[in-house]
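As a plain string of letters, each chain reads:
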Amino acid sequence: MKLVKHPDVFLKQNTHQIEFPLDILNKKLIADMIQAMYNNDGIGLAANQIGYNARIFVMDVSNEKDNPQVFINPVIEKQAKEKLTQGEGCLSCPGK
């Protein structure tokens, strides 16, 4: 599965909300996202990074890479006041 890379305008498009219960296409998308994340040595991946405008992201921060977590229709409830200045390990960034 090919990653969408910055500065592709697709990454700036709004994503659409996912309906429940999940249909077979969204279940397959989630499985494909997890596999793509692992195949690209990532710890997280959003659906739009592989060409889908779905409001889904997956991540796995375990050392063993055996604990994927799936987030559907996430909402930012509060933002921190502090800003981080370290580099980001985004799979869609050039050079990844």
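Above: the structure in question.
Residues numbered from 1 in each chain as written. Predicted model: local features only at pLDDT ≥ 70, side-chain atom pairs only at ≥ 80, totals over all residues. Heavy atoms only, no water.

1. Quick look at the overall build of the protein chain
Now for step 1: Summing up its helical and strand segments, the protein chain has one helix and three strands in all.
Now for step 2: The order of helices and strands in the protein chain, counted from the N terminus, is α-β-β-β.
Now for step 3: Its C-alpha atoms give the protein chain a radius of gyration of 14 Å, near enough to 12 Å, the size a compact globule of 96 residues would have.
Now for step 4: Seen through its C-alpha atoms, the protein chain measures out along the principal axes to roughly 40 × 30 × 30 Å.
Now for step 5: The long-range share in the protein chain, meaning contacts at least 24 apart out of those at least 6 apart in sequence, stands at 54%.
Now for step 6: On the protein chain, roughly 7300 Å² of surface is accessible, and the fraction owed to carbon and sulfur atoms is 52%.
Now for step 7: Distance between charge centroids for the protein chain: 7 Å, based on 11 positive and 11 negative side chains. (Helix = DSSP H or I, 4+ residues; strand = E, 2+ residues; numbered from the N terminus. Rg over C-alpha atoms; globule rule 2.2 N^0.38 Å. Contact = heavy atoms within 4.5 Å. Areas by Shrake-Rupley, 256 points an atom, 1.4 Å probe, with all protein chains shown as cover. Lys, Arg positive; Asp, Glu negative; His and termini not counted. Charge placed at Lys NZ, Arg CZ, Asp CG, Glu CD.)

2. Let's talk about the side chain of Gln49
Now for step 1: Within the secondary structure, Gln49 is located in the loop between strand S1 (44-46) and strand S2 (56-59).
Now for step 2: Classification of Gln49 as buried rests on a relative accessible area of 10%. (Buried < 20%, exposed > 50% of the residue type's maximum accessible area, 1.4 Å probe, protein only.)

3. Concerning the nonpolar core
Now for step 1: Residues Leu29, Met33, Leu45, Ile50, Ile56 and Val58 are the most contacted members of the largest nonpolar core, which totals 15 residues.
Now for step 2: The leading source of residues in this core is helix H1 (residues 24-39), at six residues. (Core = buried A, V, L, I, M, F, W, Y, C linked by side-chain atoms within 4.5 Å.)

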